[in-house]
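# Observations on chain architecture
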Amino acid sequence: MPLPSEFYELAKRLNNWGRWGEGDEIGTLNLITDEVVREAAATVAVGRRVPLALPLHQDGVQTGVIPGRINPLHTMVAINVELFGPGTVATSDDIVTMGLQAGTHWDGLSHVSHGGKLYNGRPAESITAQGRSAFNGVEKAGHIVSRGVLLDVARAKGVDRLDGGHAVTPEDLEAAEELARVTVRPGDIVLVRTGQIQRFLAGDKHAYAHPSPGLSIRTPEWFHARDVAAVANDTLTFEIFPPEITDLWMPVHALDLVEMGMPQGQNWNLEELSAVCAEERRYAFFLAAMPEPFVGGAGAPVAPVAIF
């Protein structure tokens, strides 16, 4: 089914193609300037660190619904091997096979296309089995560090977890801003908490996956107006699932990644961060969230850390 006119109207208003030049491959990450990083570093006051990644193991969040996106298969290939002869130092080595977007991850700008195009007008056919992503590979993202802002939508609504049918709206984001007493500004990385990951942490990965609260099709315009560098949340699908518009699947992905060139993250554990922000009485912090630099990757695992 063709994308509706509503989608194309939004896409036209949000489009960043050419904004940072015809050769640009990092999109809104251009908004993380040296000045933005200096100001972000200045938010560190006590040195308290909060990890935001899920552990990587075979019983991860993936349910098998997405073909090939497998949870990590971790295998030992050497166990206490004395490489240089008996009595010498012994080593153990291991390997892992996994979907790059299986756990806590960033979606790269080559993850999604529509109309045969990737971000900045690159052809979707530039992604091949042998060459991977010729353009917009996740390794181009480099060092993602900036001011992080937690928009705790669930807390702002006075609940532990949003229900599965809740589409997070711009009004929800502004209510969370008011709770946080912070204003999202250019170059920020916004983390949106729904509380949905509680379902996975309680052992029900299927309930975590579906139905899921998530970002509304109205939110990309809000992030575009604020010049946000990247957005992540605590759900499997990032946007509300099933979709808020019947048969319009993954429109937020297309608007964020293809039109705006804005990386988005999924499966981020924001539960401890929510508690720490409330305890510290501040919702802005230094965020280090570098993706693993898989050349030509459409996404990559990340182990983010918020530092207060």
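Above this note sits the structure.
As a starting point, this report considers the structure included with it. (Residues numbered from 1 in each chain as written. Predicted model: local features only at pLDDT ≥ 70, side-chain atom pairs only at ≥ 80, totals over all residues. Heavy atoms only, no water.)

### Here's the deal with the pattern of salt bridges
As a working rule, side chains carrying opposite charge can pair if their charged atoms are close by. Considering all chains together, one arrives at 14 salt bridges under this definition. Note that E25 and K140 form a salt bridge whose closest N and O atoms lie 2.7 Å from each other. Linking E25 in the loop between α1 (5–14) and α2 (34–41) with K140 in the loop between β6 (132–133) and β7 (145–152), this pair joins segments that are 115 residues apart in sequence. Of the charged contacts, one joins D152 and R193 as a salt bridge, the two residues approaching to 2.7 Å between their closest N and O atoms. In this pair, D152 is assigned in strand β7 and R193 in strand β9 (residues 189–193), connecting sequence segments 41 residues apart. We classify D152 as buried; its relative accessible area is 0%. Shared partners join several salt bridges into a network, and the residues in it are D152, R155, R193 and E271. (Salt bridge = Lys/Arg side-chain N within 4 Å of Asp/Glu carboxyl O. Helix = DSSP H or I, 4+ residues; strand = E, 2+ residues; numbered from the N terminus. Buried < 20%, exposed > 50% of the residue type's maximum accessible area, 1.4 Å probe, protein only.)

### A word on the packing of aromatic side chains
This model, assessed by the stated rule, comprises 6 aromatic pairs. Here F7 and Y8 contribute two aromatic rings whose centre-to-centre distance is 5.5 Å and whose plane-to-plane angle is 85°, an arrangement assigned as edge-to-face. Aromatic pair F285 and F308: ring centres 5.3 Å apart, planes at 45°, arrangement tilted. On the criterion of sequence distance, the pair formed by F285 in strand β13 (residues 284–288) and F308 in the segment after β15 (305–307) is long-range, its members being 23 residues apart. Given the relative accessible area of 0%, F285 is considered buried. Using a relative accessible area of 0% as the deciding quantity, one classes F308 as buried. One Lys or Arg, R122, reaches over the ring of F135 and ends 4.2 Å from the middle of that ring. (Phe/Tyr/Trp six-rings, centres within 6.5 Å; stacked < 30°, edge-to-face > 60°. Lys NZ or Arg CZ within 6 Å of the ring centre and 35° of its normal.)

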